Amino acid sequence: MRGLQRKVQFILGLGICFASCWPSTIAFAQDSLKTSKKDSSKYRIVNPYLPNFHVRDRHGDPFSNYTTSSPFILKDPKNLQTEITLDTGMNYNISEKMGKLNFRPNSSMSFRDYSRQQDRAFQKDYYQNKSLALDGESAVSSRNLLPKIHLSPVLDRIFGGSYIELTPKGFVTLDLGGSFQKIQNPSIPIRQQRNGGLEFGQQINLNVSGKIGEKLKINTNFDTNNSFDFQNSMKVEYAGLKEDLLKKLEIGNVSLPLNNSLIKGAQNLFGVKAQLQFGKLTSTIIATTQRGKQSTLHVSGSGNGVSQGRPFEIIASSYDDNRHFFLAQFFRDNFEKWLANVPGQVSSGINITRLEVYTINRQNDTQTLRDVVAFMDMAESDKIYRTDVFTRVVPPGSPASNQNNDLFYKKYLGGFPPTSSSIEEELKGPRFKSGLVPGTDYEKLNSARKLATTEYTFNAQLGYLTLQRKLQNDEALA
């Protein structure tokens, strides 16, 4: 009986001990899991090139929330409007809208909280303006970038003050970039397939005005975008008092204004200019180099004045050559007469309905290839170049037509061979007396290309065409 009681006590004691150790065991297991989960985060792959800063939008009203004054955080855009209305319950309803769209959820403030917030904002602005005015500067313009530098009182007699004040204005812009490329060409060595470099650009616009006391002033202006050096000015000016011998001394960009019409003053001077006073005698001494020249040309218009100019003459064919061509001499002879009534209407009475233009094939076009022979005297009446070969049939001044001379009949009724290789021998043969000269009387184009309608334009009433591109010297047009 005693042995059984001891066994039961031993089992109960073991159970109590296990129960007392169980929460710590569970807590240890949970801590081990948390530790293992936390330690595993350091093995996570993070891209170092991506920014780890995320902009967070604020919540609530725009007054009670903290807003940073960092210049790197952009402010709200101008099209974001904040509307504040007071309802009958003496609460302020605040809504932020972008146009008619609510940009953020509407919020409200009590009259007491809104009044306290306005008082805090007013006090903050007041103390900031007071702080800016402590150094003697205006509360609106704030303090300078460079404070005044106080010197020894000994320099007060020379410069009229013992301080140096510099006021820089302007901006500096730096453009940094890179251009790299990789050419996967097996014929190039691997080290030379990848190349590139950095690109750097800068722009400096600086204007510095300085004072040493009240007598010495320094003004300089520098801009990297200026085209000429004289546009960058620098001037040192010393102004003496009323009783001083040296009234004014200027070094740098100076001018020499004169109050008479006989001798004109000079501008854009660079050197030294001094004004001295000897009692009632005042003298100005200047030693400079002129960095610019001024010239004036007066041209009067019509009326009583006489205009000044130089006549010149230029031929239209020299101005825009090898682009405009008359289809025949007939159109050239009547061109001015038909345009006599412009801006009324063209009185030619002619309308061209079909035109085909051919030139040398240099574009590897295989759709419209053909051999072409172009004659200079074709369809001409009174401007026939080879009068010893061709005879005029119609009266002079007749419109262009194939029946104006016998070239058309000799070519077709004479039985020209159909082959392109033997036609040139016939043109040089005795059928045309002494024979036609290639390049002057005719032009044979092998594998000529027909121009598309987008490559030229022509006037159907005046009889001329205009090419979109200039015809080269070794090309022919048919």
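What counts and what doesn't
Residues numbered from 1 in each chain as written. Predicted model: local features only at pLDDT ≥ 70, side-chain atom pairs only at ≥ 80, totals over all residues. Heavy atoms only, no water. 1 Å grid on protein atoms, 1.4 Å probe; cavity = no way out; pocket = protein on both sides within 12 Å on 5 of 7 lines; lining within 4 Å. Points joined across faces, edges and corners; volume = space filled by probe spheres on them. Nonpolar A, V, L, I, M, F, W, Y, C, P; charged D, E, K, R; others polar. Helix = DSSP H or I, 4+ residues; strand = E, 2+ residues; numbered from the N terminus. Contact = heavy atoms within 4.5 Å. Pairing = 2+ DSSP bridges. Axes fitted to C-alpha atoms, helices over the stretch in contact; angles between N-to-C directions. Salt bridge = Lys/Arg side-chain N within 4 Å of Asp/Glu carboxyl O. Buried < 20%, exposed > 50% of the residue type's maximum accessible area, 1.4 Å probe, protein only.

J.: Describe in detail the layout of surface pockets, supporting the description with residues and values.
T.: Its boundaries defined by the atoms lining it, the second largest pocket holds a volume of some 700 Å³. Forming the walls of the second largest pocket are 21 residues, and the residues nearest its centre are I73, L74, K75, D76 and R104. Of the residues assigned to the lining of the second largest pocket, the class counts are 11 nonpolar, 3 polar and 7 charged.

J.: Pulling in residues and values, what's your account of the side chain of R323?
T.: Checked against the element boundaries, R323 lands in the loop between α5 (316-319) and β13 (324-326). When neighbours within four sequence positions are excluded, R323 is seen to be in contact with L465, T466, L467, Q468, R469 and K470.

J.: Residue-level account of the side chain of E96, with values.
T.: Within the fold, E96 resides in strand β2 (residues 91-98). The residues touching E96, leaving out its near neighbours within four places in the chain, are R58, G60, P62, L80, Q81, T82, L101, N102, F103 and R104.

J.: Lay out the sheet that holds β13 with the relevant residues and their values.
T.: Pairing is antiparallel in the open sheet, where 3 strands are placed in the order β13-β18-β17. Two strands close off the open sheet at either side, each with one partner strand: β13 and β17 (456-459). Pairwise comparison of adjacent strand axes, ignoring direction, gives a mean angle of 20 degrees for this sheet. Here β13 pairs with strand β18 (residues 464-467) via 3 bridges, running antiparallel. Counted as the bridge partner of F325 is L465 from β18.

J.: Any details on the pattern of salt bridges? Residues and values, ideally.
T.: Counted under the stated rule, the structure contains 14 salt bridges. With a shortest N-O distance of 2.7 Å, E356 and R354 are connected by a salt bridge. Note that R386 is salt-bridged to D388, the shortest N-O span being 3.1 Å. Beyond isolated ion pairs, a larger network of salt bridges with shared partners links R362, R469, D474 and E475.

J.: Hey, could you go over unusual backbone geometry for me, with residue numbers and the actual values?
T.: In this structure, A379 takes a positive phi of about 65 degrees despite not being glycine. Topologically, A379 is positioned in the loop between β15 (369-375) and α8 (407-413). Judged by its relative accessible area of 13%, A379 falls in the buried class. Phi at S447 takes a positive value of approximately 55 degrees, unusual for a residue other than glycine. Examined against the element boundaries, S447 turns out to sit in strand β16 (residues 442-450).

J.: I'd love a proper account of empty space enclosed by the protein, names of residues and values included.
T.: What the rule picks out here adds up to 1 cavity of 30 Å³ or more. In this model, the largest cavity occupies a volume close to 30 Å³. Looking at the largest cavity, the residues that line it are G60, D61, P62, I94, S95, E96, P105 and S107. With 3 residues, β2 is the single largest residue contributor to the lining of the largest cavity. Here the residues of the lining of the largest cavity sort into 3 nonpolar, 3 polar and 2 charged.

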